Amino acid sequence: MAKKTINPTKSLKIPTIIILSAKLCAFISIKLVTRFAAKIFTTPIKHKVPKREFEMDSKSLKNNIYVPSIDKSVLTYHYGQSDRKILLVHGWSGRGTQLFKIADELLQNGYSTISFDAPAHGKSEGKTTIMSEFIASILEIERQFGPFEIAIGHSLGGMSVLNAIKDGLSVEKAVIIGSGDIVQDILDEFIFKLGLKEKISQNLRNLFEKKYQVKMDDFSAYRAAQKIDIPVLVMHDNDDPEVSVKAGIHINENLKNGSLFLTDGLGHRKILGNQNVIRKILEFIKKT
């Protein structure tokens, strides 16, 4: 498959000070710049909970749960009283209440939701994390709070949902919104944004594989999709500036039972609150 085109004018910008620091590290040594890039890549931004999410935050039953496989704890949010539970998974630098509009509609339709602040996100502990820790958290949350009827993931959360299903998460259906796809493409674009040479991307991948004892390409969404039999709704915006729509299209092509819903003009995050998107999710969930 051809690599996706990176549009530097539309992609999320990295602060100039970080770019300059990366170039200084590169001038000193390849090893130093690789470590610097790895630190930046695995450090999410912890945003304050915005007012629009206060209701879900305040009305949720919160629990800190320990995830033994990664030796970290995450904060969970149980929103609603129904026994029909749906798992919500936020993306990079997101929060467990970020999908609040979807959660509100689900509550009105007879469901409750379980979400969480992934490691190093929101109110959970830690400063760095990686997708394998999202997946481990999902599987532990299923063990403690499941079973779930549906899993819904946004961005990195979408990739994590697909990989968690591949690794044993048992749900009837899944929805992924604005999901990334090929891990190497994600690393390549990150290095491009830092203004570094392409070979640093390969070094970064090698560092992660050695540190976490994993093969990064094993986490590519399309590879997980090939092993999934349940119905999956893939949602993506044609104008997403952070994750190319090609990612969603490619994931859907590799699903045995996938359906694709594309939007226009919603970007990477507004799609989460769009009523047409939420209506489509509800139709998909209720369809027998």
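Before reading on, note that the structure itself is shown above.
Residues numbered from 1 in each chain as written. Predicted model: local features only at pLDDT ≥ 70, side-chain atom pairs only at ≥ 80, totals over all residues. Heavy atoms only, no water.

**Q** How should I be thinking about the environment of Leu196 in this particular structure?
**A** With respect to the helices and strands, the residue Leu196 is situated in the loop between helix H7 (183–193) and helix H8 (199–212). With residues near it in sequence (within four places) discarded, Leu196 still touches Ala22, Lys23, Ala26, Val33 and Ile191. (Helix = DSSP H or I, 4+ residues; strand = E, 2+ residues; numbered from the N terminus. Contact = heavy atoms within 4.5 Å.)

**Q** Can you help me understand the sheet that holds strand E8 (residues 258–263) in this one?
**A** Hydrogen bonds along the backbone pair up the strands of a sheet, which may run parallel or antiparallel. Pairing within the open sheet is mixed, and its eight strands lie in the order E1-E2-E4-E3-E5-E6-E7-E8. Each edge of the open sheet is held by one strand with a lone partner, namely strand E1 (61–67) and E8. When the angles between neighbouring strand axes are averaged without regard to direction, this sheet yields 20°. Bridging between strand E3 (residues 85–89) and strand E5 (residues 150–154) involves four bridges; their strand directions are parallel. Its bridge partner being in E5, Leu87 is matched across the sheet by Ala151. Relative to strand E4 (residues 112–117), helix H4 (residues 100–108) is tilted by about 155°, and along the sheet it contacts strand E2 (72–79), E3, E4, E5 and strand E6 (173–177). Packed onto the sheet, helix H6 (residues 156–166) meets E3, E5, E6 and strand E7 (232–237) and runs at close to 145° relative to E5. (Pairing = 2+ DSSP bridges. Axes fitted to C-alpha atoms, helices over the stretch in contact; angles between N-to-C directions.)

**Q** Whenever I open this one, the pattern of salt bridges confuses me. Can you help?
**A** This model, assessed by the stated rule, comprises 13 salt bridges. Residues Arg223 and Asp217 are paired through a salt bridge, measuring 3.4 Å at the closest nitrogen-oxygen approach. Judged by relative accessible area, which is 32%, Arg223 ranks as partly exposed. Among the charged side chains, a salt-bridge network with shared partners connects Asp57, Lys62 and Lys123. (Salt bridge = Lys/Arg side-chain N within 4 Å of Asp/Glu carboxyl O. Buried < 20%, exposed > 50% of the residue type's maximum accessible area, 1.4 Å probe, protein only.)

**Q** When you look at helix H1 (residues 16–28) in this model, what are you seeing that I'm missing?
**A** Residues spaced three or four apart along an α-helix face the same direction, because each turn holds 3.6 residues. For H1, spanning 13 residues, the distance from its first C-alpha to its last is 19 Å, which sits close to the expected 18 Å at 1.5 Å a residue. For H1, every residue scored as buried is listed here: Ile19, Ala22 and Cys25. Within H1, the buried residues cover an arc of 125° as seen down the axis, which keeps them to one side. In H1, the exposed residues that point more than 90 degrees away from the buried face are Thr16, Ile17, Leu20, Leu24, Phe27 and Ile28. (Expected span 1.5 Å × (residues − 1). Arc of directions from axis to C-beta.)

**Q** Any chance you could explain the packing of H7 against H8 here in plain terms?
**A** Each packed pair of helices is defined by two parameters, the angle between the axes and the distance between the axes. It is the contact of H7 with H8, at a shortest axis distance of 9 Å, that shows an interaxial angle of 125°. With respect to H8, the axis of H7 lies oblique. Crossing of H7 over H8 shows right-handed handedness. Contact residues: H7 offers Gln184, Leu187, Asp188, Phe190 and Ile191, while H8 offers Ile200, Ser201, Gln202, Leu204, Arg205 and Phe208. Class assignment of the residues belonging to the contact of H7 with H8 gives a composition of six nonpolar, three polar and two charged. (Parallel < 35°, antiparallel > 145°, perpendicular 65-115°, else oblique. Left-handed = near helix turned anticlockwise from the far one by under 90°. Nonpolar A, V, L, I, M, F, W, Y, C, P; charged D, E, K, R; others polar.)

**Q** Even after reading the chapter, I still don't get the nonpolar core, so can you show me in this structure?
**A** Inside soluble globular proteins, nonpolar side chains tend to come together where they are buried. Counting residues in hydrophobic clusters, the biggest one holds 56 residues, and the most contacted among them are Ile141 and Val232. Ranked by the residues each element gives to this core, the list is headed by helix H5 (residues 131–145), at seven residues. Excluding its chain neighbours within four sequence positions, the residues that come into contact with Val232 are Leu162, Ala174, Ile176, Leu255, Asn257, Gly258, Ser259 and Phe284. By size, the runner-up hydrophobic cluster in this structure holds 25 residues, among which are Leu99, Ile150, Val175 and Leu266. (Core = buried A, V, L, I, M, F, W, Y, C linked by side-chain atoms within 4.5 Å.)

**Q** Is there a simple way to think about the pairing of E3 in this case?
**A** The side chains of a regular strand alternate, first on one face of the sheet and then on the other. When you tally the buried positions in E3, you get five out of five residues, the bulk of the element. The side-chain alternation of E3 yields two buried faces, one formed by Lys85, Leu87 and Val89 and the other by Ile86 and Leu88. Bridge count between E3 and E4: three bridges; the pairing is parallel. Residue Ile86 lies in a different strand from E4, and its bridge partner there is Thr113. Assessed by its sense of winding, the connection that carries the chain from E3 through H4 to E4 is right-handed. (Right-handed = clockwise from strand over helix to strand, strands pointing away.)

**Q** Explain the packing of aromatic side chains to me, please; I cannot follow it from the model alone.
**A** Enumeration according to the criterion identifies three aromatic pairs in this entry. Ring centres of Phe41 and Phe190 lie 5.0 Å apart, and the angle between their planes is 70°; on these two criteria the pair is classed as edge-to-face. With Phe41 in helix H2 (residues 30–41) and Phe190 in helix H7, the pair connects residues that are 149 residues apart, well separated along the chain. Given the relative accessible area of 11%, Phe190 is considered buried. (Phe/Tyr/Trp six-rings, centres within 6.5 Å; stacked < 30°, edge-to-face > 60°.)

Nothing here speaks to function; it is geometry throughout.
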